[in-house]
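Descriptive structure summary
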Amino acid sequence: MTFEELNLEKEILDGLYAMNFEDATPIQALSIPPILEGKDIIGYAQTGTGKTAAYVLPIINKLTKGSYPQDAINAVIMAPTRELAQQIDQQIEGFTYYVSVSTVAVYGGTDGIAYARQERGLQMGADIVVATPGRLISHLNMESVDLSRASFFVLDEADRMLDMGFYDDIMQIYRKLPPTCQVIMFSATMPPKIRTMAQTILKNPEEIKVAIARPPDTIIQSAYICYEAQKLPILKHLFEESRPQRVIIFSSSKMKVKELETTLKRYGFNVQAMHSDLEQPVRDQVMKDFKNRHIDILVATDVVARGIDISDISLIVNFDIPNDPEDYVHRIGRTARGTHGEGLAITFVDIREQFKFREIERFLNKTIYKIPLDPSLGEAPAYEPDSYRSLRGRGVRTGGGPNARGKSGRPSSGKGRPGGRDKTR
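This one's a predicted model, so the numbers in the text were calculated from it and none came from an experiment.

**What to know about the packing of helix 6 (residues 133–141) against helix 8 (residues 167–174)**
Where helix 6 contacts helix 8, the axes come no closer than 10 Å and their chain directions differ by 45 degrees. If you check the angle between helix 6 and helix 8, you find them oblique. For the element pair helix 6 and helix 8, the recorded crossing hand is left-handed. Taken together, the residues of helix 8 that come into contact with helix 6 (itself represented by P133, G134, L136, I137, L140 and N141) are D169, Q172 and I173. Classifying every residue of the contact of helix 6 with helix 8 gives five nonpolar, three polar and one charged.

And the structure:
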């Protein structure tokens, strides 16, 4: 379906064509009409399906046609991370090139000057506010923002926001909105807590579901079955065989990300970390350096899995298994986006993670190739998910026992390997 068939204003279509947008994606084709009709919706769609345009375009269209106040905030878009808020703000800037719609991005990690700039934009009444929950709550507490006349409220990546503990903040913001506000919710997954929130804040919503797409065949997926203590030696072995470029390594916690960064730097690799403890200017610079190829390896938590918009990632390494099969798809979906559409994803599977990995294989309806472990790295455990199912989440030692050896052939001490199992982002 083309955008011309979706009843959008000519000026918005001109902006889309200038950005080389022609055909609507399935989530856009299904979402835009009911949003234009004023309905609340809950949409299920993974990252990369074009859902930002699915809600931004009809909101912009209605703002340009309707009689909305010029001195009030008319739309509030919530995003879980600063990176995603920035990305949404940039897309809105492109979509509104030929229309008069004002926006302000509100997120943390900035200095006092940026905070004051955000405050002015909120007080003047920007048409669209793109915000992270914590920073918008800060402005609400300072009474520098009035949401009482807003007409649209959007929750993007709602599942990720709840995972990050923003439920109370979201509900506090929601209670500042008028009861007539149109509510739009998008989520990549639909756990019970999302359904509970939807029942609370949505009014007779239209449910839109685009099935989670399986990774394209152009992504070569493989895995190492190993002990936890073998993960770092495997990674070092891989990077010594082939110089790493355009690589993202995903790990389960920011503590482990920090330790991975330190260890890989000690090995001489060009690496930087991305996690929620970094100040915003630092995060911006890391992403800029990675995009400009000044950094070869980015080590990150899932906080950035849904906020990276780089088209030429060559390799994704899952140092730890993600919690859900959908998260696995999101992670490896960062690759195979370039001109050639090809990519490589390698996953390290400790014995405690074997059951979760088999769930990923079942979700994908395929068997992922298991790379034989180099003999210099020690003996690998057998792939027996049912045998190790009882170990999931337990604090058992899985360092590989007497057979786990480093490249020297000596038993691995585990020194320097990333540790920690905290779930904070």
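**Regarding the sheet that holds strand 11 (residues 297–300)**
Ordered by their spatial adjacency, seven strands build an open sheet running 10-11-9-12-13-8-14, and the pairing between neighbours is parallel. Unpaired on one side and paired on the other, strand 10 (271–274) and strand 14 (369–370) mark the two borders of the sheet.

**Focus on the environment of Y98**
Summarising the element assignment, Y98 is placed in the loop between helix 4 (82–95) and strand 3 (103–106). Along the backbone, Y98 and L16 are 82 residues apart, and their C-alpha atoms lie at a distance of 9.8 Å. With residues near it in sequence (within four places) discarded, Y98 still touches E11, D14, G15 and A18.

**Re the pairing of strand 12 (residues 315–318)**
Both faces of strand 12 are covered, namely the face carrying L315 and V317 and the face carrying I316 and N318. As defined by bridge partners, strand 12 adjoins strand 13 (residues 343–349) across four bridges and the pair is classed as parallel. Across the sheet, L315 pairs through a bridge with L344, a residue of strand 13.

**Observations concerning the pattern of salt bridges**
In this structure the tally under the stated criterion is 23 salt bridges. Close ionic contact of D320 with K256 constitutes a salt bridge, the shortest N to O distance being 3.0 Å. Here D320, found in the loop between strand 12 and helix 13 (325–332), pairs with K256, found in helix 11 (residues 254–266); they are 64 residues apart in sequence, far enough to count as distant. Overall, D320 belongs to the buried group, its relative accessible area being 1%. Taking the shortest distance from any N to any O, the salt bridge between R293 and D312 comes out at 2.7 Å. Linking R293 in the loop between helix 12 (280–291) and strand 11 with D312 in the loop between strand 11 and strand 12, this pair joins segments that are 19 residues apart in sequence. Residue classification places R293 among the partly exposed positions, given a relative accessible area of 49%. A residue is classified by how much of its surface remains accessible, and D312, at 28% relative accessible area, is partly exposed. In this structure, a network of salt bridges that share partners links the residues E228, K231, K256, D320 and E353.

How each quantity is defined
- Residues numbered from 1 in each chain as written.
- Predicted model: local features only at pLDDT ≥ 70, side-chain atom pairs only at ≥ 80, totals over all residues.
- Heavy atoms only, no water.
- Axes fitted to C-alpha atoms, helices over the stretch in contact; angles between N-to-C directions.
- Helix = DSSP H or I, 4+ residues; strand = E, 2+ residues; numbered from the N terminus.
- Parallel < 35°, antiparallel > 145°, perpendicular 65-115°, else oblique.
- Left-handed = near helix turned anticlockwise from the far one by under 90°.
- Contact = heavy atoms within 4.5 Å.
- Nonpolar A, V, L, I, M, F, W, Y, C, P; charged D, E, K, R; others polar.
- Pairing = 2+ DSSP bridges.
- Buried < 20%, exposed > 50% of the residue type's maximum accessible area, 1.4 Å probe, protein only.
- Salt bridge = Lys/Arg side-chain N within 4 Å of Asp/Glu carboxyl O.

So far we have only geometry, and geometry alone does not tell us how the molecule works.
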